[in-house]
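Spelled out, the chains give:
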Amino acid sequence: EFGPRGRSPIEKEMKLGPETFLRFGLSGAICCSAVHLALTPIDVVKTKMQTDRTKYPGIISTFQKVVAEGGLGNFFSGWAPTFIGFFTWGGFTYALTEFTRRYFTELGGESANLEVLTILASSGFAAFVGAFIIAPFEAVRIRSVAQPDYAQSALGAVQRMVKEEGLLSLFAAVPVFWAKEIPFGMAKFTVFDLSTEWMYEAFPVAKEDLQLSLLVSLIGGTLGGFAASVVSNPADATITEMKKTKSDVGPVEAAKNLIQDGGIGALFNGLGLRIFFYSLIVSLQFLVYDTVRFALGIGADDLKLYLDVLGGALREDGGPL
């Protein structure tokens, strides 16, 4: 092999400064908010199916009823909390995942045996903290979709919910978000990282080609989204059951209500649509994330320090370079 990696140097994570992590955050904010906003119609259909299974039994019929009830604009119900929430959440969680992954790697050493544990720990921790950010935005979005006449705007929905139910109602679903977002984030990042690593090993030319590199990100994101949607669906259905109307129902009671009404299968309401939705959304997120990251000047070589062992040995022995 020729070029800068022709002598198979050893790779080591570089220490990154605050400016780089800010660029990670901006990349995450853009990818999450833009993709979620673009796919809001699918999220609206999923939420309708989960909040009223009798009225909205199937995907096609739900699409048709949403149009009949409010026109095409009805597909973008709750777009404001979706965009603002995922801009904030994406910027925070992506930067925190990158930071904690490097921190845990330094603690445990750069051992291949610890790679999966490091990814799981960093993504799980970021999801744990991120749940406090996304929970209030999702509470407002679900209420806006489930009850279109609830308020004239997202701000109006927030004000009414706080007035009638208290400020803490916006965070009532945080424990369920932990049950949803932690396995979702762990599956998403772990499957993405392991699958893309395998693809780069199988097709090393992709490391040197931007278009192939982005294709790898797209495929890895699709696989990550598929896995994440399956493991997080029960919690997602429980959150929707909790926040569709004003109530004091907690997560355990909400899950019991779902099971009583429709059996264990009720916890997987909308799974087919979620698999399609999140496979699409996560693949696009990683595609946009890497595109923005590259545009901001953060490439693979900016994150790795390549140690030329052969060159170092020659220098020590006084040999030719």
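As the structure is a prediction and not an experimental result, all values here were calculated from the model.

Draft legend 1. A look at the overall build of the protein. Each helix and strand counted, the protein has 12 helices and two strands in total. Along the protein, from the amino end to the carboxyl end, the secondary structure elements read β-α-α-α-α-α-α-α-α-α-α-α-β-α. Looking at the protein as a whole, 45% of its 321 residues are labelled buried. The contacts in the protein between residues at least 6 apart in sequence include a share of 78% that link residues at least 24 apart.

Draft legend 2. Local environment of helix α1 (residues 18–38). Relative to the 30 Å expected for 21 residues at 1.5 Å per residue, α1 spans 30 Å between its end C-alpha atoms, a close match to the ideal helical length. Along α1, the residues that are buried comprise T20, F21, F24, G25, S27, G28, A29, C31, C32, S33, V35 and H36.

Draft legend 3. Molecular detail of the nonpolar core. Y94, F177 and I281 are the most contacted members of the largest nonpolar core, which has 43 residues in total. Among the secondary structure elements, those contributing two or more residues to this core are α1, α2 (40–51), α4 (79–108), α5 (115–146), α7 (174–202), α8 (210–243) and α10 (271–295). Counting residues in hydrophobic clusters, the runner-up holds six residues, among them V140, Y150, A157 and M161.

Draft legend 4. Looking closely at the pattern of salt bridges. The final tally for this structure, using the stated rule, is 13 salt bridges. A salt bridge links E181 to K180, with the nearest nitrogen and oxygen atoms 3.9 Å apart. The residues E181 and K180 share a single accessibility class, namely buried. A salt bridge links D236 to K180; the shortest N-O distance between them is 3.0 Å. Of the two residues, D236 is situated in helix α8 and K180 in helix α7; the sequence distance between them amounts to 56 residues. Taken individually, D236 and K180 each receive the classification buried, so the pair is uniform in this respect.

Draft legend 5. Main features of the environment of D52. One can find D52 in the loop between α2 and α3 (59–70). The sequence separation of D52 and A146 amounts to 94 residues, and the corresponding C-alpha distance is 8.4 Å.

Draft legend 6. Up close: a nonpolar patch on the surface. Residues L26, I30, F76, W79, F83, I84 and F87 make up a contiguous nonpolar surface patch of roughly 610 Å² in combined accessible area. Contributions of two or more residues to the nonpolar patch are made by α1 and α4. No other element matches the four residues that α4 contributes to the nonpolar patch. Tracing the backbone shows L26 in helix α1.

Draft legend 7. Examining the packing of aromatic side chains more closely. A complete count under the given rule lists 16 aromatic pairs for this structure. A ring pair is formed by Y94 and Y289, whose centres lie 4.7 Å apart and whose planes are at 45°; its orientation type is tilted. Of the two residues, Y94 is situated in helix α4 and Y289 in helix α10; the sequence distance between them amounts to 195 residues. Just as Y94 is buried, Y289 falls in that class too. On the basis of an interplanar angle of 55° and a centroid distance of 5.9 Å, the ring pair of Y103 and F104 is categorised as tilted. An aromatic cluster is defined as three or more aromatic residues linked by ring pairs; in this entry it consists of Y94, F189, F192, F286 and Y289. Directly above the aromatic system of Y150 lies the positively charged group of R143, at a separation of 5.1 Å from the ring centroid.

Draft legend 8. Up close: the side chain of S279. Mapped onto the fold, S279 is located in helix α10. S279 gets classed as buried once you look at its relative accessible area, which sits at 10%. Reaching out from S279, the side chain makes a polar contact with the backbone nitrogen of F226 at a distance of 3.4 Å. Among the polar contacts made by the side chain of S279, one reaches the main-chain carbonyl oxygen of I275 at a distance of 2.7 Å.

Draft legend 9. Seen up close, the packing of α4 against α7. At their nearest, the axes of α4 and α7 sit 13 Å apart, and the two run at 60° to each other. Relative to α7, the element α4 is oriented oblique. For α4 against α7, the interelement crossing comes out right-handed. Contact with α4, carried on its side by W89, Y94, T97 and R101, involves E181, K188, F189 and D193 of α7 and no other residues of that element. Broken down by class, the residue content of the contact of α4 with α7 amounts to three nonpolar, one polar and four charged.

Draft legend 10. Structural context of the confidence of the model for the protein. For the protein, mean pLDDT is 82; residues scoring 70 or higher make up 85% of the total. When pLDDT is averaged over each helix and strand of the protein, the minimum, 41, is found for strand β2 (residues 304–307) and the maximum, 93, for helix α6 (residues 154–165). In the predicted structure, residues 1–10 sits below a pLDDT of 50 and forms 14 contacts with residues beyond four places in sequence or in another chain. Between residues 304–316, whose pLDDT stays under 50, and residues either more than four places distant or in other chains, the model counts 25 contacts.

So, how was this worked out
Residues numbered from 1 in each chain as written. Predicted model: local features only at pLDDT ≥ 70, side-chain atom pairs only at ≥ 80, totals over all residues. Heavy atoms only, no water. Helix = DSSP H or I, 4+ residues; strand = E, 2+ residues; numbered from the N terminus. Buried < 20%, exposed > 50% of the residue type's maximum accessible area, 1.4 Å probe, protein only. Contact = heavy atoms within 4.5 Å. Expected span 1.5 Å × (residues − 1). Core = buried A, V, L, I, M, F, W, Y, C linked by side-chain atoms within 4.5 Å. Salt bridge = Lys/Arg side-chain N within 4 Å of Asp/Glu carboxyl O. Patch = residues over 30% accessible without salt bridge, like charges linked within 9 Å, V, L, I, M, F, W, Y side chains within 5 Å. Areas by Shrake-Rupley, 256 points an atom, 1.4 Å probe, with all protein chains shown as cover. Phe/Tyr/Trp six-rings, centres within 6.5 Å; stacked < 30°, edge-to-face > 60°. Lys NZ or Arg CZ within 6 Å of the ring centre and 35° of its normal. Polar contact = N/O pair within 3.5 Å; in protein donor to acceptor, adjacent residues only side chain to side chain. Axes fitted to C-alpha atoms, helices over the stretch in contact; angles between N-to-C directions. Parallel < 35°, antiparallel > 145°, perpendicular 65-115°, else oblique. Left-handed = near helix turned anticlockwise from the far one by under 90°. Nonpolar A, V, L, I, M, F, W, Y, C, P; charged D, E, K, R; others polar. pLDDT = per-residue confidence, 0-100.

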